[in-house]
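# Chains, contacts and geometry: an overview
Okay, here's what each chain looks like letter by letter:
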Amino acid sequence: QAQLVESGGGLVQPGGSLTLSCAASGLTLDNYGVGWFRQAPGKEREFVAGTRRSSGYPKYADSVKGRFTISRDNAKNTAYLQMDSLQPEDTAVYYCAGTTSYLILSSMTRADQYNYWGQGTQVTVSS
């Protein structure tokens, strides 16, 4: 059965860094587009970053552009989200998601376009 499992979350001070991992099993990651989403308490789930299948060209939310980097290692069936210059506003549960569809740019930000979801990992940015 296909699964995505996030890891790497934790507590960091403002300005610090974290790297999140999304390990895939039961599927070949090279055949999937990958999206990272986050959800803070009392707020809607929002798009953070994504890469389409095959090309892997990245798209970022304006709020994280220049600070976060999405990547993948297809040989390891693992996607990553490198987060630098973290701010308290980045505090949320972070989820990775996969889709077999080759999404147009405007669709990459929509959670309903993704077929598989991980369980989430908590990121807390606080002094």
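Placed above this text is the structure.
The sections below set out a description of the structure shown in this document.

Scoring rules and cut-offs
- Residues numbered from 1 in each chain as written.
- Predicted model: local features only at pLDDT ≥ 70, side-chain atom pairs only at ≥ 80, totals over all residues.
- Heavy atoms only, no water.
- Disulfide = S-S within 2.5 Å.
- Helix = DSSP H or I, 4+ residues; strand = E, 2+ residues; numbered from the N terminus.
- Buried < 20%, exposed > 50% of the residue type's maximum accessible area, 1.4 Å probe, protein only.
- Pairing = 2+ DSSP bridges.
- Axes fitted to C-alpha atoms, helices over the stretch in contact; angles between N-to-C directions.

All right, on to the state of the cysteines then. Disulfide: a covalent bond formed between the sulfur atoms of two cysteine residues. One pass over the structure, following the stated rule, counts 1 disulfide. Two residues share a disulfide in this structure: C22 and C96, whose sulfurs sit 2.0 Å from each other. In this structure, the disulfide formed by C22 and C96 twists by about 65° around the S-S bond and is classed as right-handed. With a gap of 74 residues between them, C22 in strand β3 (residues 18-25) and C96 in strand β9 (residues 92-99) connect regions that are remote in the sequence. Exposure remark for C22: the relative accessible area of 3% places this residue in the buried category. Its relative accessible area of 0% is what places C96 among the buried residues.

Tracing the backbone shows G16 in the loop between β2 (10-12) and β3. Expressed as a C-alpha distance, the spacing of G16 and W117, which sit 101 residues apart in the sequence, is 26 Å.

Two faces make up the sheet, and in a regular strand the side chains alternate between them. Most of β9 sits out of view: 7 of its 8 residues are buried. Examined bridge by bridge, strand β4 (residues 33-39) and β9 share 7 bridges and lie antiparallel to one another. When the bridges of β9 are listed, Q39 appears paired with V93. Where β9 meets strand β11 (residues 121-125), 3 bridges bridge the pair, whose relative direction is antiparallel. Bridging across to β11, A92 finds its partner in V123. Inspection of the sheet shows β9 paired to strand β10 (residues 116-117) by 2 bridges, in the antiparallel sense. Of the residues in β10, the one forming a bridge with G98 is Y116.

What follows deals with the sheet that holds strand β7 (residues 68-73). Ordered by their spatial adjacency, 4 strands build an open sheet running β1-β3-β8-β7, and the pairing between neighbours is antiparallel. Each edge of the open sheet is held by one strand with a lone partner, namely β1 (3-7) and β7. Across this sheet, the average inter-strand angle for adjacent strands is 15°, counted without regard to direction. Of the pairings in the sheet, the one linking β7 to strand β8 (residues 78-83) comprises 6 bridges and is antiparallel in character. By the bridge assignment, T69 is partnered in β8 with Q82.

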